[in-house]
2 protein chains.
Amino acid sequence: MAQPRIDFWYDYASTYSYLAVSRIEPLAQAAGVALRWRPFLLGPIFKSQGWESSPFNLYPVKGRYSWRDLERLTARLGLPKFTPPVPFPANSLLAARVALVLADADRPAFSRAVYAAEFAEGRDISDRALIAEILARLGHDAEAVLAKTGDQAIKDKLRAETDEAARRGIFGAPSFVTEDGELFWGNDRLEQALEWARGKRT
Amino acid sequence: MAQPRIDFWYDYASTYSYLAVSRIEPLAQAAGVALRWRPFLLGPIFKSQGWESSPFNLYPVKGRYSWRDLERLTARLGLPKFTPPVPFPANSLLAARVALVLADADRPAFSRAVYAAEFAEGRDISDRALIAEILARLGHDAEAVLAKTGDQAIKDKLRAETDEAARRGIFGAPSFVTEDGELFWGNDRLEQALEWARGKRT
């Protein structure tokens, strides 16, 4: 039997995607499930339902709760003190394009580093210098990678990925999609998505 | 040391409150945590943030996902096939007032029966005959209880509870509030709320 697989859809501006990124690799490995890391942009999807910003900003009571929820959850996961960036949400376009320039195998480490800078250090991931610093630290030729983010093929690829996310019914991040098309939304559904991928239904 | 306690805030129209109601008693008992069952009305809270209906109706893509999520979760919990009522959301005013007429000790069984009629049988819980049937089945004097729902004191009590929910930062249901004021939102946070109540922070 082929190894089961899930598509892991995430946006670099998404707080709860940070939690999933911090957990997904050991859990998927233990479950014997392969991962495809698929960065996309939530912004166009939020806009299509009338949201011009993060729901945390649009609904301040829910937003205040979510910051506290994230403080508690990062503490439980043993992550550094949760420190959201200002402004929030960050513009995640550059990070997403860089991720698509990188080889599939290099995407997880880059993603972990971006989220750590954003939510453990409160840095602005739309800053080209920060992304260059992360790339260099991971052993990439930062200038060469960043130059490729201007290629039309990379711009088109990110747009196509975002369109595919919308077609699959994705409305938030992180989301997990199994090979049979089941959608699971949110860091809280990661375990269930992995179980579903392995054929466990109840 | 006094037994820890959480306040369990729920709305009879809320799908995920149904899941929490189906799980909370054995989990709280195992954790040694006492429960206060506090029905309230989400409608006024949704209205105050500009929502005139359930977010499942206002955001159809998220709504479709949520129905599927509920089908999967009810199956995992061994509950009957998830069967939402038409119209959704139900008007939960009568059920909430009845719950406040009943003694604290009678509220859990009444609540379970209301949610089962609503989400396992798809019945309309705003129907006085259905509520009377449930009350009679549980051994209450249905007409006497229903008559009391017209008392000003009961109407005022439900309004005060809903106001208190809003003051505590509640914006959805189910919500769990510990004695030290920590708010946990959603069926997915039930275990964490119970741990917090017991003093476990990470």
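Predicted model, so just to flag it, every value in this text is computed and none were measured. (Residues numbered from 1 in each chain as written. Chains lettered and ligands numbered in written order. Predicted model: local features only at pLDDT ≥ 70, side-chain atom pairs only at ≥ 80, totals over all residues. Heavy atoms only, no water.)

Trainee: I would appreciate a short explanation of the overall build of chain A in the present structure.
Mentor: Scanning chain A for helices and strands turns up 10 helices and 4 strands. Counting helices and strands in the order they occur from the N terminus, chain A gives β-α-β-α-α-α-α-α-α-α-α-β-β-α. Scaling as 2.2 N^0.38, a compact globule of 202 residues should have a C-alpha radius of gyration of about 17 Å, and chain A matches this with 16 Å. Projected onto its principal axes, the C-alpha coordinates of chain A cover approximately 45 × 40 × 35 Å. Across the 202 residues that make up chain A, the buried fraction comes to 53%. Put simply, of all contacts in chain A between residues at least 6 apart along the chain, 72% involve residues at least 24 apart. (Helix = DSSP H or I, 4+ residues; strand = E, 2+ residues; numbered from the N terminus. Rg over C-alpha atoms; globule rule 2.2 N^0.38 Å. Buried < 20%, exposed > 50% of the residue type's maximum accessible area, 1.4 Å probe, protein only. Contact = heavy atoms within 4.5 Å.)

Trainee: Can you walk me through the layout of surface pockets in this structure?
Mentor: Empty space among the atoms can be located by rolling a probe the size of a water molecule over them. Quantified by volume, the second largest pocket comes out at close to 620 Å³. Along the wall of the second largest pocket there are 19 residues; nearest its centre are D188(A), E191(A), D188(B), R189(B) and E191(B). Looking at the lining of the second largest pocket, the elements that each hand over two or more residues are helix 4 (60-76) and helix 10 (190-197) of chain A together with helix 1 (15-31), helix 4 (60-76) and helix 10 (190-197) of chain B. Among the residues making up the lining of the second largest pocket, the classes are represented as 5 nonpolar, 4 polar and 10 charged. (1 Å grid on protein atoms, 1.4 Å probe; cavity = no way out; pocket = protein on both sides within 12 Å on 5 of 7 lines; lining within 4 Å. Points joined across faces, edges and corners; volume = space filled by probe spheres on them. Nonpolar A, V, L, I, M, F, W, Y, C, P; charged D, E, K, R; others polar.)

Trainee: Looking at this structure, I do not really get the environment of V86(A). What am I missing?
Mentor: The topology assignment puts V86(A) in the loop between helix 4 and helix 5 (93-101). Residue classification places V86(A) among the exposed residues on the basis of a relative accessible area of 73%.

Trainee: Just to check I follow, could you spell out unusual backbone geometry for this structure?
Mentor: Residues and elements named next belong to chain A. Here the residue pair F88 and P89 is connected by a cis peptide bond, since its omega of -5° sits within 30 degrees of zero. P174 follows A173 through a cis peptide bond whose omega is 5°. On the secondary structure map, P174 appears in the loop between helix 9 (152-167) and strand 3 (175-178).

Trainee: Mind showing me how you'd approach the pairing of strand 1 (residues 5-10) of chain B here?
Mentor: Looking down a regular strand, the side chains alternate between one sheet face and the other. Residue and element names in this part refer to chain B. A large share of strand 1 lies buried, amounting to 5 of its 6 residues. Note: strand 1 against strand 2 (residues 34-39), 6 bridges, orientation parallel. Residue W9 lies in a different strand from strand 2, and its bridge partner there is R38. Since strand 1 and strand 2 lie parallel, the crossover through helix 1 that links them has a hand, and here it is right-handed. (Pairing = 2+ DSSP bridges. Right-handed = clockwise from strand over helix to strand, strands pointing away.)

Trainee: I keep staring at the relation of the copies chain A and chain B and nothing clicks. Help me out?
Mentor: Mapping between the two chain copies consists of a rotation about an axis together with a translation along that axis. For the pair chain A and chain B, the best superposition has an RMSD of 0.0 Å and corresponds to a rotation of 180° with a translation of 0.0 Å parallel to the axis. The superposition operator between the copies reduces to a two-fold rotation axis. For chain A, the smallest separation between a C-alpha atom and the rotation axis is recorded for D188(A), amounting to 3.6 Å. Taken as a fraction of all interface residues of chain A, those also at the interface in chain B reach 100%, which identifies the copy contact as same-surface. (Least-squares fit on C-alpha atoms with pLDDT ≥ 70 in both.)

Trainee: Just checking my understanding: could you explain the interface of chain A and chain B for this structure?
Mentor: Note on interface size: it is often stated as the accessible area lost on association of the parts. Taken together, the contacts link 26 residues of chain A with 26 residues of chain B. Summing both sides of the interface, chain A and chain B together bury roughly 2,600 Å²; the carbon and sulfur share of this comes to 52%. Between the two partners, chain A and chain B, sit 10 salt bridges. E182(B) serves as the salt-bridge partner of R72(A), at 2.6 Å between the closest nitrogen and oxygen. Within the residue set of the side of chain A that touches chain B, elements represented by two or more residues are helix 4, strand 4 (183-185) and helix 10 of chain A. Tallying contributions element by element places helix 4 of chain A first for the side of chain A that touches chain B, with 9 residues. (Buried area = accessible area lost by both parts, 1.4 Å probe. Salt bridge = Lys/Arg side-chain N within 4 Å of Asp/Glu carboxyl O.)

Trainee: Would you take a moment to explain the pattern of salt bridges for this structure?
Mentor: Note on pairing: side chains with opposite charge can pair once their charged atoms come close. Residues and elements named next belong to chain A. Across all of its chains, the model carries 43 salt bridges over all chains by this definition. The residue R72 makes a salt bridge to D69 at a minimum N-O spacing of 3.7 Å. A residue pair is termed a helical-turn pair when its members lie 3 or 4 positions apart in one helix, as R72 and D69 do in helix 4 at 3 residues. Here the two residues R72 and D69 agree in accessibility, since each one is buried. For E164, the salt bridge identified is with R168, shortest N-O distance 2.7 Å.

Trainee: Just to check I follow, could you spell out the packing of aromatic side chains for this structure?
Mentor: What describes a pair of aromatic rings is the distance from one ring centre to the other and the angle between the planes of the rings. Taken as a whole and assessed by the stated rule, the structure comprises 50 aromatic pairs over all chains. Between the aromatic rings of F56(B) and W67(B), the centroid separation amounts to 5.5 Å while the plane-to-plane angle is 80°, which identifies the pairing as edge-to-face. You can see F56(B) sitting in helix 3 (residues 55-58) and its partner W67(B) sitting in helix 4, a full 11 residues away along the chain. Over the ring of F184(B) we find R72(A); its NZ or CZ atom is 3.7 Å from the centre of that ring. The aromatic ring of W196(A) is capped on one face by R72(B), whose charged end is 6.0 Å from the ring centroid. (Phe/Tyr/Trp six-rings, centres within 6.5 Å; stacked < 30°, edge-to-face > 60°. Lys NZ or Arg CZ within 6 Å of the ring centre and 35° of its normal.)

Trainee: In this structure, what is going on with the sheet that holds strand 1 (residues 5-10) of chain A? I would like to understand it.
Mentor: Residue and element names in this part refer to chain A. The 4 strands are arranged 2-1-3-4 in an open sheet whose pairing can be described as mixed. Every interior strand has two partners, whereas the edge strands, strand 2 (34-39) and strand 4, have only one. Within this sheet the neighbouring strands show an average axis-to-axis angle of 20°, counted without direction. Pairing of strand 1 with strand 3 involves 4 bridges; the strand directions are antiparallel. Following the sheet pairing, F8 is matched in strand 3 by F176. (Axes fitted to C-alpha atoms, helices over the stretch in contact; angles between N-to-C directions.)

Trainee: Would you mind showing me how to read the sheet that holds strand 3 (residues 175-178) of chain B here?
Mentor: Sheet strands pair via backbone hydrogen bonds, and the direction of the pair is either parallel or antiparallel. All names here are of chain B. An order of 2-1-3-4 is seen for the 4 strands of this open sheet, with the pairing classed as mixed. Each edge of the sheet is formed by a strand with only one pairing partner; in this case those strands are strand 2 and strand 4 (183-185). Geometrically, the sheet is characterised by an average inter-axis angle of 20° between neighbouring strands, direction not taken into account. Sheet strands in contact with helix 10 are strand 1, strand 3 and strand 4, and its direction is about 10° off that of strand 3.

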